[in-house]
Amino acid sequence: MSEANLLDTVEEEKKQYIVVTIGSEQYGLDIAFVDNIVRMQKITRVPKSLPHYRGVINLRGEVVPVMSIRRKMGLEDDVFTKASRIIILKLEEQGNVGIVVDEVKEVVSLGQDDIDQNTRNTNREDANFINGIGKNGDSLISIFDINKVVDESDYI
Amino acid sequence: MDVSQYLDIFIDETNEHIQSLSDSIMELEKEPDNMDTVNEIFRAAHSLKGMAGTMGFKRMQHLTHDMENVFQEVRSGNVSVNSELIDILFNCLDAIEKYLETVKATSDEGTEDNEVLIKKLNDYLNSAEGGDGEAAPAEDAAPAEEAKSDDAADGDAAYLSIPVDDEGRGKLSAAVDAGQKLYGFTVHIHPDCLLKAARAFLVFKAIEDFGEILIYHPSSQDIEDENFELTFNMIVASTSDDMDGMIKAITAVSEIESVESGEVTPDTYAEKAEAAPAEEAPAEAPAAAPAPAASAAPAPAAAKQSAPAANAGKAAKPVTARTVRVDIEKLDSLMNQVSELIIAKNSLVSISSTEGGSFDNQTFHEQIEYLERITTGLHESVMKVRMVPIESTVNKFPRMIRDLSRKLGKPMELYMSGEETELDRTVVDQIGDPLQHLLRNSADHGIESPEVRKERGKPEQGSIFLNAFQEGNNVIIQVRDDGNGIDTDKVKAKAVERGIVSPEEAENLSKKDIINFLFMPSFSMAKEITDISGRGVGLDVVKSNIEALGGDVEVKSEFGKGSVFTVRLPLTLAIIQALMIEVRDEKYAIALGSISNIENISKSEIKYVQAKEVIHLRGMVIPLIRLDELIEAEPKEEESDNLIVVIVKKGDSLAGIVVDNLIGQQEIVIKSMGKVIDNNKLISGATILGDGEVALIVDANALF
């Protein structure tokens, strides 16, 4: 085992997550996938697109599709407030995709020990998009499985 | 001398010479006595030879030299031209093109000697000089040789087939003579490994405890520079029998995925070397050694990319950049416009600084208009720089039709016009394959056999036409033949047989619908599969390729008389003039090129045909399309009496799009919307308006 490998393992122990609120719950997004966080702006509706896509926005000259995670999880539709943000995810396959969240709270570092992976006890609709529950002090954070969130293979 | 900086020019010019050779040889076949053509060919072959020589591509030089010899004899009248010779010459051209491909991919000519071809050329010369015009039948020489070298490369494990030069073989035999054993190893590194060279070094280090590494492949220099894929090979001389121990030592290095190994003898490599002399390349030659021009035999330059490396190199990026040759006049006008742009910017700056920010005076508006004119002009100039004539793509077709004509035994001729028509470079690059499909289709399925043609009272020689011309914002390329045409009854029967439609449905289909079946995936009409067409991958690929470029294909056909395939392509890809319209509070753009006119129509003028809304306008019946319904906008509370209708055209047909409001004409930049949302035909893209808002572009062609 060389030194470089040891360093890697040390760094891999903790991952950073962006904590957002959607409804009354807190969700975590792996920071490695997050390209950008932008304020709410005018979203242009795209006719005949998938129902959970709100449309497209102009992100500094690029056209980026924006998805409503609430619609995808079957929650009630977004209400845009001053705190609403669009989180731009950078994905290898799909390129950039934005998701709408109610509020961005903070960035936390969680180790594997802080994340409970055995949370198969729910039958909520959004359970499919969660791959663990993170414990940060007293609060619980549902960690999104980003690839599942943006996976459209069931729709197309 | 380092010639790598001339590589791009070499590739460009070689392409040109190959094309002009191909054209001239075609001409020569028709008029074997035309001395001008022979001279032209001689010149082109001579330049090719010279350039290949300068670049140090010995094999290419050798081949072109022998071609030149033949032309020399033709020129002096010692040899007569017949189709045998023409075939050989075309084979030679193919071989040169292959060299060029290899050069493009690896900046080296590869190791194909094409001895068979060269021998054929010389045989032809000799036999012709002996007064006997008979030459060996033209066989495809190149594939045979290729197969041979493939065999050599595809040994069991990679270490068995690494190239070993004389020096290396000497080392191997010396080690055996000294009572040592030889082991070959192929080491696979884990794909995620970041420091491949370091891992390789650790492997070498571990092995050196057991014995001496005699041969590295790739060379140790390349391995050090990380110039290798995920595997490397080595041959080790050792006194110990402990091969398992060595494997263990190698796998103990982290990020090594697997090891293949076995005992080898010097003979293993001696045989290989004999079987494929082409692969004989010094494995340990210094990596960057440029070819010393004097040395003969296998060029040392080949060492850098010895044969297996060249195989692996196929997946790698070509070393040359894609280029466009630009007329200096175009650049001059571009420069002029940029100067004007700077002047316009300066006057705007001076206005804003002198008048304290009050912008509603006349000079300001004049300047804005001026600026607008300049940017439009600038856009046009830049587009023109990207435009190249389709000539470069269509030029290879006469040769292809000639080959097909001989292969199929059907006399036919290709007539081309409008080769000077210009299109965006990207489109020109990609239009070649679809056009080739269409032409092959015409040659194979369209043109009948001479006997049938005679019966039908047509000239025995079939004609295929390729016409290109500009029409508005589109370029039209037509492939027309005077052959059999499409037998709609047969296509219908086939569609029923395939279960695509029921027999009853088939009766009601229009001719156009039936012809459209031909564009469906895996719908081939050929009774037997030939290598020319008929694998059922033809027309649907043509259609999807052309649609990917933003164009479309149309077919008209008359049974017994021939068919016309019309390919319509957009002139430009990135920036278009568009009409901005409004539906409720949403803005949309419609490409100006597809708009015929705009009409104000009172509600009472709407008529109904088959329960669909149409309007009767200047003798034409035009179907109405309610854009608000298509885009699922909120229904309007009350419809006004006057409707604004944008009439769009596609080919001969018209349609009227009902919109709420017209905003005006605007130059828009087309942006893609990202994959996840891009699954709808109605919207062809998006654009960003002056206020930063995104507006969608309605694809008028999809409305028909």
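For clarity, every value in this text was computed on a predicted model and none was experimentally measured. (Residues numbered from 1 in each chain as written. Chains lettered and ligands numbered in written order. Predicted model: local features only at pLDDT ≥ 70, side-chain atom pairs only at ≥ 80, totals over all residues. Heavy atoms only, no water.)

Trainee: Mind showing me how you'd approach the overall build of chain B here?
Mentor: The helix and strand tally for chain B stands at 23 helices and 22 strands. Taking all 704 residues of chain B together, 45% fall into the buried category. Residue pairs at least 24 apart in sequence account for 71% of intrachain contacts in chain B once pairs closer than 6 positions are excluded. Counting every atom, chain B has about 35,300 Å² of accessible surface; 50% of that belongs to carbon and sulfur. (Helix = DSSP H or I, 4+ residues; strand = E, 2+ residues; numbered from the N terminus. Buried < 20%, exposed > 50% of the residue type's maximum accessible area, 1.4 Å probe, protein only. Contact = heavy atoms within 4.5 Å. Areas by Shrake-Rupley, 256 points an atom, 1.4 Å probe, with all protein chains shown as cover.)

Trainee: What is the right way to read the interface of chain B and chain A from this model?
Mentor: Many authors give the size of an interface as the accessible area that is lost as the parts come together. If you look at the interface, chain B gives 24 residues, while chain A gives 24 residues. Roughly 2,100 Å² of surface becomes buried between chain B and chain A when both sides are summed, with 59% attributable to carbon and sulfur atoms. In this structure, the connection of chain B to chain A is made through two salt bridges. Between A:Arg45 and B:Glu586 there is a salt bridge, with the nearest N and O atoms lying 2.7 Å from each other. (Buried area = accessible area lost by both parts, 1.4 Å probe. Salt bridge = Lys/Arg side-chain N within 4 Å of Asp/Glu carboxyl O.)

Trainee: Help me out: how do you make sense of the packing of helix 13 (residues 328-354) of chain B against helix 14 (residues 362-386) of chain B in this one?
Mentor: The relative placement of two packed helices is expressed as an angle between their axes plus a distance between the axes. All names here are of chain B. Between helix 13 and helix 14, the shortest axis-to-axis distance is 9 Å and the interhelical angle comes to 155°. Relative to helix 14, helix 13 is oriented roughly antiparallel. In this structure, the crossing between helix 13 and helix 14 has a hand that is left-handed. Counted by class, the contact of helix 13 with helix 14 contains 14 nonpolar, eight polar and three charged residues. (Axes fitted to C-alpha atoms, helices over the stretch in contact; angles between N-to-C directions. Parallel < 35°, antiparallel > 145°, perpendicular 65-115°, else oblique. Left-handed = near helix turned anticlockwise from the far one by under 90°. Nonpolar A, V, L, I, M, F, W, Y, C, P; charged D, E, K, R; others polar.)

Trainee: Please explain the pattern of salt bridges as it appears in this structure.
Mentor: It is possible for side chains of opposite charge to pair when their charged atoms get near one another. For the coordinates displayed, the defined rule picks out 28 salt bridges over all chains. We note a salt bridge from A:Lys15 to A:Asp30, for which the minimum N-O separation is 3.7 Å. A residue pair is termed long-range when its members are at least 10 positions apart, and A:Lys15 in strand 1 (residues 14-22) and A:Asp30 in strand 2 (residues 25-30) qualify at 15 residues. A:Lys15 sits in the partly exposed class, given a relative accessible area of 39%. Residue A:Asp77 is joined to A:Arg54 by a salt bridge in which the shortest nitrogen-to-oxygen separation is 3.2 Å. Taken as a pair, A:Asp77 in the loop between helix 2 (69-73) and strand 6 (85-91) and A:Arg54 in strand 4 (residues 53-59) lie far apart in primary sequence, 23 residues in all. Assessed through its relative accessible area of 37%, A:Asp77 is described here as partly exposed. Residues joined in a network through salt bridges with shared partners are B:Glu29, B:Asp87, B:Asp94, B:Arg399, B:Arg402, B:Asp403 and B:Arg406.

Trainee: Can you walk me through the sheet that holds strand 14 (residues 595-602) of chain B in this structure?
Mentor: Consider a sheet: its strands pair through backbone hydrogen bonds, and that pairing is either parallel or antiparallel. All names here are of chain B. Strand order in the open sheet formed by six strands is 14-18-19-17-16-15, with mixed pairing between adjacent strands. Edge positions in the sheet fall to strand 14 and strand 15 (606-609), since each has one partner strand and no second. Averaged over all pairs of adjacent strands, the angle between strand axes in this sheet comes to 40°, irrespective of strand direction. Strand direction decides the pairing type here: strand 16 (residues 612-617) and strand 17 (residues 620-626), joined by four bridges, are antiparallel. Among the inter-strand pairings, Val614 is bridged to a residue of strand 17, identified as Pro623. (Pairing = 2+ DSSP bridges.)

Trainee: I tried to follow the side chain of B:Asn467 on my own but got confused; where do I start?
Mentor: Structurally, B:Asn467 is set in strand 8 (residues 462-471). Polar side-chain contacts of B:Asn467 include one of 2.9 Å to the side chain of B:Ser417. (Polar contact = N/O pair within 3.5 Å; in protein donor to acceptor, adjacent residues only side chain to side chain.)

Trainee: Could you clarify how one ought to interpret unusual backbone geometry in this entry?
Mentor: Across the chain, the bulk of peptide bonds are trans and the bulk of non-glycine residues have phi less than zero. A positive phi angle, near 60°, is found at A:Lys48, a position not held by glycine. Inspection of the secondary structure puts A:Lys48 in the loop between strand 3 (34-39) and strand 4. What makes A:Lys48 partly exposed here is its relative accessible area of 42%. If you check the backbone angles, B:Gln610 has positive phi at about 50° while not being a glycine. Tracing the backbone shows B:Gln610 in the loop between strand 15 and strand 16.

Trainee: How should the packing of aromatic side chains be read in this particular structure?
Mentor: Here the structure, examined in full by the defined rule, presents three aromatic pairs over all chains. On the numbers, 4.7 Å between centres and 5° between planes, the contact of A:Tyr27 with A:Phe144 is stacked. Of this pair, A:Tyr27 sits in strand 2 while A:Phe144 sits in strand 11 (residues 139-144); the two residues are 117 residues apart in sequence, bridging distant segments of the chain. A:Tyr27 gets classed as buried once you look at its relative accessible area, which sits at 1%. Lying over the aromatic face of B:Phe465, B:Arg480 brings its terminal NZ or CZ to 4.2 Å of the ring centre. (Phe/Tyr/Trp six-rings, centres within 6.5 Å; stacked < 30°, edge-to-face > 60°. Lys NZ or Arg CZ within 6 Å of the ring centre and 35° of its normal.)

Trainee: Whenever I open this one, the confidence of the model for chain B confuses me. Can you help?
Mentor: Residues and elements named next belong to chain B. Looking at chain B as a whole, the pLDDT averages 75, with 81% of positions reaching at least 70. In the predicted structure, residues 272-318 sits below a pLDDT of 50 and forms 58 contacts with residues beyond four places in sequence or in another chain. In this model residues 531-537 is a low-confidence stretch, pLDDT under 50, and it forms 23 contacts with partners more than four residues away in sequence or in other chains. (pLDDT = per-residue confidence, 0-100.)

Trainee: Would you mind going over helix 8 (residues 196-208) of chain B with me for this structure?
Mentor: Side chains three or four residues apart in an α-helix point the same way, a direct result of the helix having 3.6 residues per turn. With 13 residues, helix 8 of chain B ought to run about 18 Å at 1.5 Å a step, and its terminal C-alpha atoms sit 18 Å apart, in line with that. Within helix 8 of chain B, burial applies to B:Lys196, B:Ala197, B:Arg199, B:Ala200, B:Val203, B:Phe204, B:Ala206 and B:Ile207. (Expected span 1.5 Å × (residues − 1).)

Trainee: Quick question: what am I supposed to make of the sheet that holds strand 8 (residues 103-111) of chain A here?
Mentor: Residue and element names in this part refer to chain A. Taken in spatial order, the six strands line up as 8-1-2-11-10-9 in an open sheet, and their pairing is mixed. Lying at the two open borders of the sheet, with one neighbouring strand each, are strand 8 and strand 9 (115-116). Bridge count for strand 2 against strand 11 is two bridges, and the pairing is parallel. Counted as the bridge partner of Gly28 is Ile143 from strand 11.

Trainee: Please explain the nonpolar core as it appears in this structure.
Mentor: Buried together is how nonpolar side chains tend to be arranged in soluble globular proteins. All names here are of chain B. The biggest cluster of nonpolar side chains holds 45 residues, and the ones touching the most others in it are Ile401, Ile464, Ile477 and Leu569. A total of seven residues in this core trace back to one element, the largest contributor, which is helix 17 (residues 425-446). Counting residues in each nonpolar core, the second largest holds 43 residues, with Ala52, Met60, Leu63 and Ile118 among its members. (Core = buried A, V, L, I, M, F, W, Y, C linked by side-chain atoms within 4.5 Å.)

Trainee: Can you help me understand the pairing of strand 7 (residues 95-101) of chain A in this one?
Mentor: The two faces of the sheet receive side chains in turn, since in a regular strand these alternate between them. All names here are of chain A. Summarising burial for strand 7: five of the seven residues are buried, a large majority. Examined bridge by bridge, strand 5 (residues 62-68) and strand 7 share three bridges and lie parallel to one another. For Met67, the partnering residue across the bridge sits in strand 7 and is Ile99. As paired strands, strand 6 and strand 7 are joined by seven bridges and run antiparallel to one another. By the bridge assignment for strand 7, Leu89 is matched with Val97. Between the antiparallel neighbours strand 6 and strand 7 lie three residues.

Trainee: I'm lost on a negative patch on the surface in this one. Help?
Mentor: Residues and elements named next belong to chain B. Taken together, the side chains of Asp23, Glu27, Glu31, Asp33, Glu391 and Glu420 define an acidic patch exposed on the protein surface. Counting through the fold element by element, Asp23 comes out in helix 1 (residues 7-30). With a relative accessible area of 32%, Asp23 lands in the partly exposed category. (Patch = residues over 30% accessible without salt bridge, like charges linked within 9 Å, V, L, I, M, F, W, Y side chains within 5 Å. Lys, Arg positive; Asp, Glu negative; His and termini not counted. Charge placed at Lys NZ, Arg CZ, Asp CG, Glu CD.)

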